[in-house]
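Listed below are the residues making up each chain.
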Amino acid sequence: MTQQPIDGAALLAEVEAFHRRFNVFPREAAYVAVALWDAHSHLLDAFDSTPRLAFLSPEPGSGKSRALEVVETLVPRPMLAVNARAAALFRSVSDPAGRPTILFDEIDTVFGPKAGDNEELRGFLNAGHRRSGVTYRCVGDGGNQTVVEFPSYTAVAVAGLGGLPDTITTRSVIIRMRRRARNEHVEPFRARLHEAEGNQLRDRLAEWADQVREDVAGRWPQMPEGVTDRPADVWEPLLSVADAAGGDWPERARAACVELVNAARADDKGSIGIRLLTDLRDHVLVGIDRLPTVAVLDRLCSLDEAPWADMSGRPLDSRGLAKMLGEYMTSENSPVKARNIKTAGSVLKGYYAADLQDAWDRYCPPPLQKSATSATSATSQVSGLEKVAEDLFTSAT
């Protein structure tokens, strides 16, 4: 018996409406992204990668776990994981009955500041982003062991406080949750009542996925302008789902993509190295072509809301600065190093803006607009700063 074609656009609208009954997301784009993510979990074999879905917030009581509860009713073979070990997860992905959709609540207990690095789990989540991702383990007893490949490719949604490791964040659609305001109301979610409703939608998503699988597998969706590299990898499966569904979903999906990618960029403070480069460009070497190390450190440590005055209980010193900047290259492809700076009374080690320009261009976000007046003023301060540096150097010795 031939199945009647399912209207994908209408079905996705029902999935979105189901979320709206129980979840308050911070922006309209989030409802679009989450509905597309639910649908994509039924089509993993049609894609080369799967984005992680991350519900994050600064405080408890922001609806993160409730969002996962609703997602659980809509995805295939949901597997709830709290403090699960990587070995259990990658073995579950190899289950002959089918790969699970892993829903990891309280992810902050795994990657939070008191949890350690959990490199094994991080590696599993990173590898499982790609269809070709595998985890290698030795299996056997004693000396009779063999290396076995365990597939890691599976859909993963997480919820937790704070942030995630950079390697996972860049593979994720990030939904920044917040507590409901007094004028924001949702329907109470009762598993005994509403799980069956979600499961009906889940089954229809699975049927629709079977109908469009070949079509989706052959799609190479056009990305919105400015969405490239890792964000494009994250959004390609979701845009493919939207294009297959039709209706207004292709347009809404691309608008949501741009909005959430831009929001992620605004929230992204980058690595500590990029933060250092950016602070040097925007606050330390503004309009200045060179500056002694002691003056660089003095300026860095005086910046408000910057980490340099307290790096694991101690301020950043010249050795730490040299080690961090030495990871980056000049335009001549040599490591950035302190060089001699001649002053009126002595020669001090310091850094030149020209040596950092290539790293600024490659790694830092676009600079804030500076007026010509402020640049001129900064340039006129060079001699004064070098004098301050000499004084600091003299007092330190």
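Nothing here was measured: the structure is a model prediction, and the numbers come from that model.

With that settled, the discussion passes to the overall build of the protein chain. Along the backbone of the protein chain there are 16 helices and 10 strands. Considering only residue pairs separated by 6 or more positions, the protein chain has 70% of its internal contacts joining residues 24 or more positions apart. Counting only carbon and sulfur atoms, one obtains 50% of the accessible surface of the protein chain, whose full area is about 20,700 Å².

Where strand β8 (residues 290-292) lies against strand β10 (residues 347-352), 3 bridges are found, and the strand directions are antiparallel. Pairing of Pro292 across the sheet is with Gly350, part of β10. Summarising the sheet, strand β9 (residues 339-342) and β10 pair through 4 bridges and their orientation is antiparallel. In the strand pairing of β10, Arg339 is matched with Gly350.

Attention shifts here to the side chain of Ser49. Along the chain, Ser49 turns up in the loop between α2 (28-40) and β1 (52-57). A polar side-chain atom of Ser49 sits 3.3 Å from the main-chain carbonyl oxygen of Asp233. Dropping the residues within four chain positions of it, Ser49 is found in contact with His129, Arg130, Arg131, Tyr153, Asp233 and Pro237.

Below, the discussion takes up the sheet that holds strand β7 (residues 172-176). Read from one edge of the open sheet, 5 strands run β2-β3-β6-β1-β7, paired in parallel fashion. Here the strands that pair on one side only, and so sit at the sheet edges, are β2 (78-81) and β7. Taking the axes of each pair of neighbouring strands and ignoring which way they run, one obtains an average angle of 15 degrees across the sheet. Across 4 bridges, the pairing between β2 and strand β3 (residues 101-104) is parallel. Across the sheet, Met79 pairs through a bridge with Ile102, a residue of β3.

Turning to the packing of helix α1 (residues 8-22) against α2, a few remarks are in order. The N-to-C vectors of α1 and α2 enclose an angle of 120 degrees; their axes lie 9 Å apart at closest approach. The pairing of α1 with α2 is recorded here as oblique in orientation. Two packed elements cross with a definite hand, and for α1 against α2 that hand is right-handed. Contact with α1, carried on its side by Leu12, Val15, Glu16, His19 and Arg20, involves Glu28, Tyr31, Val34, Ala35, Leu36, Asp38 and Ala39 of α2 and no other residues of that element. When the residues that make up the contact of α1 with α2 are grouped by side-chain class, the tally is 7 nonpolar, 1 polar and 4 charged.

Our next topic: helix α8 (residues 191-217). Helix length check: α8 (27 residues) gives 34 Å between terminal C-alpha atoms against 39 Å at 1.5 Å per residue, more than 12% under. At Gln211, α8 shows its maximal bend, which comes to roughly 50 degrees. Inspection of α8 places His194, Gly198, Asn199, Leu201, Leu205, Trp208, Ala209, Val212 and Val216 among the buried residues, and these make up the whole buried set.

Here the focus is the side chain of Thr278. Note that Thr278 resides in helix α11 (residues 272-284). Of note is the side chain of Thr278, whose polar atom sits 2.8 Å from the backbone oxygen of Ile274. Sequence-distant contacts of Thr278, defined by excluding residues within four places in its chain, comprise His283, Cys364 and Pro365.

What counts and what doesn't
Residues numbered from 1 in each chain as written. Predicted model: local features only at pLDDT ≥ 70, side-chain atom pairs only at ≥ 80, totals over all residues. Heavy atoms only, no water. Helix = DSSP H or I, 4+ residues; strand = E, 2+ residues; numbered from the N terminus. Contact = heavy atoms within 4.5 Å. Areas by Shrake-Rupley, 256 points an atom, 1.4 Å probe, with all protein chains shown as cover. Pairing = 2+ DSSP bridges. Polar contact = N/O pair within 3.5 Å; in protein donor to acceptor, adjacent residues only side chain to side chain. Axes fitted to C-alpha atoms, helices over the stretch in contact; angles between N-to-C directions. Parallel < 35°, antiparallel > 145°, perpendicular 65-115°, else oblique. Left-handed = near helix turned anticlockwise from the far one by under 90°. Nonpolar A, V, L, I, M, F, W, Y, C, P; charged D, E, K, R; others polar. Expected span 1.5 Å × (residues − 1). Bend = angle between axes of the 7 residues up to and from the residue. Buried < 20%, exposed > 50% of the residue type's maximum accessible area, 1.4 Å probe, protein only.

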